[in-house]
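# Descriptive analysis of the structure
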Amino acid sequence: MTEVATVRRSRITPEREAELYTAVLDLLREVGYDALTMDAVATRTRSSKATLYRQWGGKPELVVKAMRHSKPGSVGDVDTGSLRGDFHTLVAREDDCTMERNSDLMRALAMAAHSNPDLMRALKELLVEPEMGEFRKVMQRAVDRGEVRADCPAREYVVHMMVGAFATRTLIDELPPTQEFLRSYIDAVVLPALGVSVP
């Protein structure tokens, strides 16, 4: 057995998985999606490429699962008793610095996805669709509480509105998204579109 092989680890514990995801996101920030290789991930994390492929199937799945893992809990688990409280709580789960780093990362991944069908598929299946499902739970609770009409057409566009604000903040204002900006956007745009009065 070579010296390199002895330091490689193959058993994936939750702690090891978290460590690996952190390394993948660090690499992604350093070199971008296109230049990120499974070889580089294996080297950085002292893993074998075979283990990485066996566990994740390929680079798109590994990168998107790393992104999903970095999210602070499930959107659908937030239930403050009001839609405004839920949205403001979701915004507060990441500080401004983390939000800026994640915004840069998502923008880069979205650009890469346009020329990479496998990445686009992984983003949709592993990140976008699950997030849409979680937001639907939050919205259904608001309907059940009587805050939002069941036939409100804006219900289907909540994620679009939130992602749009997050993504275009830098493009339009040349500023990163912040908690304060997103809270004011929720109160001025999202909640009124849903027919929810803001105190």
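Before going further, it helps to examine the overall build of the chain. Of the regular secondary structure elements, the chain holds 10 helices and zero strands. Walking the chain from its N terminus toward its C terminus, one meets helices and strands in the order α-α-α-α-α-α-α-α-α-α. Taking the principal axes of the C-alpha coordinates as reference, the chain spans close to 65 × 35 × 30 Å. Scored against the burial criterion, the 199 residues of the chain give a buried share of 40%. Considering only intrachain contacts with a sequence separation of at least 6, the fraction spanning at least 24 residues in the chain is 67%. Looking at the chain as shown, the accessible area adds up to about 10900 Å², and 54% of this sits on carbon and sulfur atoms.

The next point concerns the environment of Ala-165. Mapped onto the fold, Ala-165 is located in helix H9 (residues 158–173). If we skip the residues at most four places from it in the chain, Ala-165 touches Phe-181, Leu-182 and Tyr-185.

What follows concerns the environment of Gly-133. Looking at the element boundaries, Gly-133 is found in helix H8 (residues 117–144). What makes Gly-133 partly exposed here is its relative accessible area of 27%. Placed 109 residues apart in sequence, Gly-133 and Val-24 show a C-alpha to C-alpha distance of 26 Å.

A few words now on the layout of surface pockets. Of the voids in this model, the largest pocket is the one considered here, and its volume is about 1000 Å³. Lining the largest pocket are 32 residues, with Lys-71, Met-106, Glu-131, Val-163 and Phe-166 positioned closest to its centre. When contributions to the lining of the largest pocket are tallied by element, the ones reaching two or more residues are helix H5 (59–70), helix H6 (83–92), helix H7 (96–113), H8 and H9. No other element matches the eight residues that H8 contributes to the lining of the largest pocket. Here the residues of the lining of the largest pocket sort into 21 nonpolar, five polar and six charged.

This next bit is on the side chain of Glu-131. Tracing the backbone through its elements, the reader meets Glu-131 in helix H8. Among the residues examined, Glu-131 registers a relative accessible area of 15% and is labelled buried.

Across all of its chains, the model carries three aromatic pairs by this definition. Between Tyr-21 and Trp-56, the aromatic rings sit 5.7 Å apart at their centres with planes inclined by 70°, giving edge-to-face as the arrangement. A residue pair is termed long-range when its members are at least 10 positions apart, and Tyr-21 in helix H2 (residues 14–31) and Trp-56 in helix H4 (residues 49–56) qualify at 35 residues. Accessibility classification places Tyr-21 together with Trp-56 in one group, the buried group. An angle of 50° between the planes, with centres 6.4 Å apart, marks the rings of Phe-87 and Phe-135 as tilted.

Let us look at the confidence of the model for the chain. Of the residues in the chain, 94% have a pLDDT of 70 or more, and the chain-wide mean is 88. Mean pLDDT per element in the chain: helix H1 (residues 3–7) is the minimum at 40, and helix H10 (residues 179–193) is the maximum at 97. Counting contacts from residues 1–10, a segment whose pLDDT is below 50, to residues more than four positions away or on other chains yields 12 contacts.

Further remarks concern the pattern of salt bridges. Scanning all chains against the criterion turns up 15 salt bridges. Glu-131 is the partner of Arg-68 in a salt bridge, and the nearest nitrogen-oxygen pair spans 3.1 Å. With Arg-68 in helix H5 and Glu-131 in helix H8, this pair connects stretches of sequence that are 63 residues apart. A salt bridge links Asp-151 to Arg-149; the shortest N-O distance between them is 2.8 Å. Note on accessibility: Asp-151 and Arg-149 belong to one class, exposed. Connected via shared salt-bridge partners are Asp-79, Asp-86, Arg-141, Arg-145 and Glu-147.

Definitions and cut-offs
Residues numbered from 1 in each chain as written. Predicted model: local features only at pLDDT ≥ 70, side-chain atom pairs only at ≥ 80, totals over all residues. Heavy atoms only, no water. Helix = DSSP H or I, 4+ residues; strand = E, 2+ residues; numbered from the N terminus. Buried < 20%, exposed > 50% of the residue type's maximum accessible area, 1.4 Å probe, protein only. Contact = heavy atoms within 4.5 Å. Areas by Shrake-Rupley, 256 points an atom, 1.4 Å probe, with all protein chains shown as cover. 1 Å grid on protein atoms, 1.4 Å probe; cavity = no way out; pocket = protein on both sides within 12 Å on 5 of 7 lines; lining within 4 Å. Points joined across faces, edges and corners; volume = space filled by probe spheres on them. Nonpolar A, V, L, I, M, F, W, Y, C, P; charged D, E, K, R; others polar. Phe/Tyr/Trp six-rings, centres within 6.5 Å; stacked < 30°, edge-to-face > 60°. pLDDT = per-residue confidence, 0-100. Salt bridge = Lys/Arg side-chain N within 4 Å of Asp/Glu carboxyl O.

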